[in-house]
Structure formats: C-alpha cells, structure tokens
Amino acid sequence: MVQSQSARNIQLSDLRDQFGLRRTEDAAFFTEWASGLPKLSSAEYDRLSQVRTHYLYLLEYQVLESIVKMVVLSPVLEIAGFYSPPFRVTGEVGVQVSASDDNRLIRGNIDVLVVQQRLWVSVIEAKNSAFSLTAALPQTLSYLMAGAQSQAPLFGAITNGTEFIFIKLVGGSNPVYGLSNTFSLLNLGHDLQQVTQIFRRFGQLIAN
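Residues numbered from 1 in each chain as written. Predicted model: local features only at pLDDT ≥ 70, side-chain atom pairs only at ≥ 80, totals over all residues. Heavy atoms only, no water.

(A) Here's a closer look at the pattern of salt bridges. As enumerated under the stated definition, the model contains five salt bridges in all. Taking the shortest distance from any N to any O, the salt bridge between R23 and E25 comes out at 3.8 Å. Classification of E25 as exposed rests on a relative accessible area of 68%. Note that R47 and E78 form a salt bridge whose closest N and O atoms lie 3.2 Å from each other. Note that R47 is positioned in helix α2 (residues 42-58) and E78 in helix α3 (residues 65-80), a separation of 31 residues in sequence. Looking at R47, the relative accessible area reads 35%, which means it is partly exposed. (Salt bridge = Lys/Arg side-chain N within 4 Å of Asp/Glu carboxyl O. Buried < 20%, exposed > 50% of the residue type's maximum accessible area, 1.4 Å probe, protein only. Helix = DSSP H or I, 4+ residues; strand = E, 2+ residues; numbered from the N terminus.)

(B) Just the packing of α2 against helix α5 (residues 191-207), in detail. Closest axis-to-axis distance for the α2/α5 pair is 9 Å, and the angle between their directions is 120°. Regarding the angle of α2 to α5, the classification is oblique. Handedness of the α2/α5 crossing: right-handed. On the side of α2, the interface is formed by E44, Y45, L48, S49, V51 and R52, while α5 contributes L192, Q193, T196 and R200. A breakdown of the residues in the contact of α2 with α5 according to their chemical character gives four nonpolar, three polar and three charged. (Axes fitted to C-alpha atoms, helices over the stretch in contact; angles between N-to-C directions. Parallel < 35°, antiparallel > 145°, perpendicular 65-115°, else oblique. Left-handed = near helix turned anticlockwise from the far one by under 90°. Contact = heavy atoms within 4.5 Å. Nonpolar A, V, L, I, M, F, W, Y, C, P; charged D, E, K, R; others polar.)

(C) Highlighting the pairing of strand β7 (residues 163-170). The element β7 is extensively covered by neighbouring structure, given that seven of its eight residues are classed as buried. Direction of pairing for strand β6 (residues 154-159) relative to β7: antiparallel, over a ladder of six bridges. Considered in β7, the bridge of F155 is made with K168. Joining the antiparallel neighbours β6 and β7 is a turn of three residues, in which G161 adopts a positive phi near 95°. As judged from the two bridges shared by β7 and strand β9 (residues 183-184), these two strands associate in the antiparallel manner. Residue pairing across strands places E163 opposite S184, the latter belonging to β9. (Pairing = 2+ DSSP bridges.)

(D) Quick look at the nonpolar core. Ranked by internal contacts, the top residues of the largest apolar core, which has 34 residues, are L119, F164, F166, L192 and F199. Among the secondary structure elements, those contributing two or more residues to this core are α2, α3, β5 (119-123), β6, β7 and α5. With eight residues, α3 is the single largest residue contributor to this core. For F166, the residues in contact, after removing those within four places along its chain, are F30, G156, A157, G178, L179, S180, F183, V195, I198, F199 and F202. By size, the runner-up hydrophobic cluster in this structure holds 19 residues, among which are L21, W120, A136 and I158. (Core = buried A, V, L, I, M, F, W, Y, C linked by side-chain atoms within 4.5 Å.)

(E) Inspection of the side chain of Q193 at higher detail. Mapping Q193 onto the fold places it in helix α5. We classify Q193 as buried; its relative accessible area is 3%. Among the polar contacts made by the side chain of Q193, one reaches the side chain of S49 at a distance of 3.0 Å. The contacts of Q193, once residues within four sequence positions are left out, are L40, Y45, L48 and S49. (Polar contact = N/O pair within 3.5 Å; in protein donor to acceptor, adjacent residues only side chain to side chain.)

As structure tokens, this is what we get:
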C-alpha cells in the first residue's frame, strides 16, 4: 500500500533520504540572484519604497497571509512582469512527488505558482509574519522536486512578508539545490527592490 505524507510535514532529511537531494554552498551554482540583475525604473523604485513603508506600518498589527499576498507579494510580482504574457499566476495548486524506493507519496498545496512550471513562490501560512522561512524550505523543495525530472533549473522563493529567500534546484539523478542570501524589509536600504529585480531576472530566464 502506498504511504502518503503531507508536504507540510516533510523534513529536509526526508528529501535527502528519499531523493538524494543535497544542498550546495558553491557560489558558482546559484549566480542568478546575485549578478546580471535587470534595472528598475525610478517610478518602480519609488513604488517599492512605498510598498515597504505601507508594510512596516501594517507590521505594527497582526499580519495575516492574505495581507502579505496583497500588500507585498502582489506588487512585487506585478512589477517583475508576471501579470503579463507569457506568464500566468495560478494559486493554491496541488502537487505530488513520489519516492522511488518505498512507494511513498509526499503531497501538499503550494500558495502561488508562476507558470512554465519553473518558478514556485511559497507564502508561509502562519498566524503572523514572525514565522521562520526555514520552516517552509522542505515544503517548497518538495514542490520543486515535482518538476525536477530534467536538468533544467527550477527556481523558488519563500516569503513571510518581512523576509524573502530564493532557491535554485537542478534535478536529475543527483538533485542539488542552493539558497540565496535572506532579504528583509526590516533592513535599511533597498532589499525589496533587489527582490523584485531577482524575480524579474528569473522571468527573463524562464521566458527564454
């Protein structure tokens, strides 16, 4: 009988043991988040500064997942170009991945899927924005593994509204993933602008 497990309960050790998935810290593996980033216009730059200001104000109160999507993620994806052809955003998509050696299924729902099956954006389901990004990493990697049959790189992002982290996964017989730095709206500077540039860069890679 096939055993099933929710992707929400999966651990990194499960993905390592069942799929051989490993993490690399080789800086040359995941350069897409750190170099060749497209520029933003001054209007886009100013709008993202306003998004950050609005979010920091709302952070004084309880910030639910729906608010994260509306106030932060939605304008970021719009400015990055994912609301225009050839992209289409689909929400709450169910995915399944299966282990190859013990008839085990890992199942779960992802919050946002950006088309071409190559970029997955996961919004952490939590009561407030203080929920750690690391708690969603195994879940998001399990979703990425569902499309990792080829050597074409897949990209992911995790956010709790305050923070963002990006993932690159290359599948095949020896799947490997790498992580970006963590970007935070609490940092002084322009982290949200860089986050948007990274999303736009991923869009360019996917479209090509």
